[in-house]
Amino acid sequence: MSVLIKPIITEKATADSELNNRYGFIVDTKANKLQIKDAVEATYGVSVEKVRTMNYGPKRSARYTKTGIQHGKTNAIKKAVIQVAEGDIIDFYNNI
């Protein structure tokens, strides 16, 4: 089971990483905080101080077509915000 799916690289997440040493990841929905912490420490070689997680439910939508109403939804995701120790950095561009 791969715990870390992909890093979150947005303008807000990049500013948060530069100012507060916090990095965002999309993680497996069944992973807990200890598994996320171990995966980040093993992958990037940093010491993790704190893990915050957020569960996002699927977004539902309906479309009106000739054949009737078509219902759809996106996948549910889980985000994790990782706070690393002072002095440690994660470089997403050269470390992968």
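About the thresholds
- Just so you know, the residues in each chain are numbered from 1, in the order the chain's sequence is written.
- For this predicted model, a pLDDT threshold of at least 70 governs which residues receive local features, and a threshold of 80 or more governs which side-chain atom pairs are given and counted, while totals over whole chains, interfaces and linings are taken from all residues.
- By convention in this description, side-chain values take in all heavy atoms of the structure and omit both hydrogens and water.
- Secondary structure counts use DSSP, requiring at least four H or I residues in a row for a helix and at least two E residues in a row for a strand, with both numbered from the N terminus.
- Between buried and exposed lies partly exposed: a residue is buried under 20% and exposed over 50% of the maximum accessible area for its type, with that area taken using a 1.4 Å probe on protein chains only.
- Two strands qualify as a pair provided DSSP detects at least 2 bridges between them.
- Every axis corresponds to a line fitted to the C-alpha atoms, with the helix fit spanning only the stretch in contact, and the corresponding angles, defined between N-to-C directions, vary from 0 to 180 degrees.
- Note on definitions: a residue-residue contact is assigned when non-hydrogen atoms from the two residues lie within 4.5 Å.
- Aromatic rings from Phe, Tyr and Trp, taking only the six-membered ring of Trp, are treated as a pair when their centres fall within 6.5 Å; an angle between ring planes under 30 degrees marks them as stacked, one over 60 as edge-to-face, and anything in between as tilted.
- The rule for a charge over a ring is simple: NZ of Lys or CZ of Arg within 6 Å of the ring centre, and within 35 degrees of the ring normal.

Visitor: Can you lay out the environment of Arg60 for me, pointing to particular residues and giving the numbers?
Guide: If you trace the backbone, Arg60 turns up in strand E4 (residues 60-65). Take Arg60: its relative accessible area is 65%, and that puts it in the exposed class.

Visitor: Could you give an account of the sheet that holds strand E1 (residues 4-7), naming the residues involved and the relevant values?
Guide: Spatially, the 4 strands line up as an open sheet ordered E1-E2-E6-E3, and their pairing is antiparallel. A strand with exactly one partner marks an edge of an open sheet, and here the two such strands are E1 and strand E3 (48-56). Between one strand and the next, the sheet's axes are offset by a mean angle of 30°, whatever the strand orientation. Here helix H1 (residues 11-20) sits on the sheet in contact with strand E2 (22-27) and strand E6 (77-84), set at roughly 135° to E2. Seen against the sheet, helix H2 (residues 33-44) touches E1, E2, E3 and E6 and runs at an angle of roughly 120° to E3.

Visitor: Could you give me a rundown of the packing of aromatic side chains, with the residues and numbers involved?
Guide: Enumeration over the complete set of coordinates arrives at 4 aromatic pairs. Measuring from centroid to centroid gives 5.8 Å for Phe25 and Tyr44, while their planes differ by 40°, and the two rings are tilted. Of this pair, Phe25 sits in strand E2 while Tyr44 sits in helix H2; the two residues are 19 residues apart in sequence, bridging distant segments of the chain. Ring geometry for Tyr44 against Phe92: centres 6.0 Å apart, planes inclined by 85°, an arrangement best described as edge-to-face. Within this pair, whereas Tyr44 is found in helix H2, its partner Phe92 is found in the segment after E6, the two being separated by 48 residues in sequence. By way of ring pairs, the aromatic residues Tyr23, Phe25, Tyr44 and Phe92 are connected into one cluster. Over the aromatic face of Tyr56 sits the side chain of Lys79, whose NZ or CZ is 4.7 Å from the ring centroid.

Remember, this is a structural readout, not a statement about activity or role.
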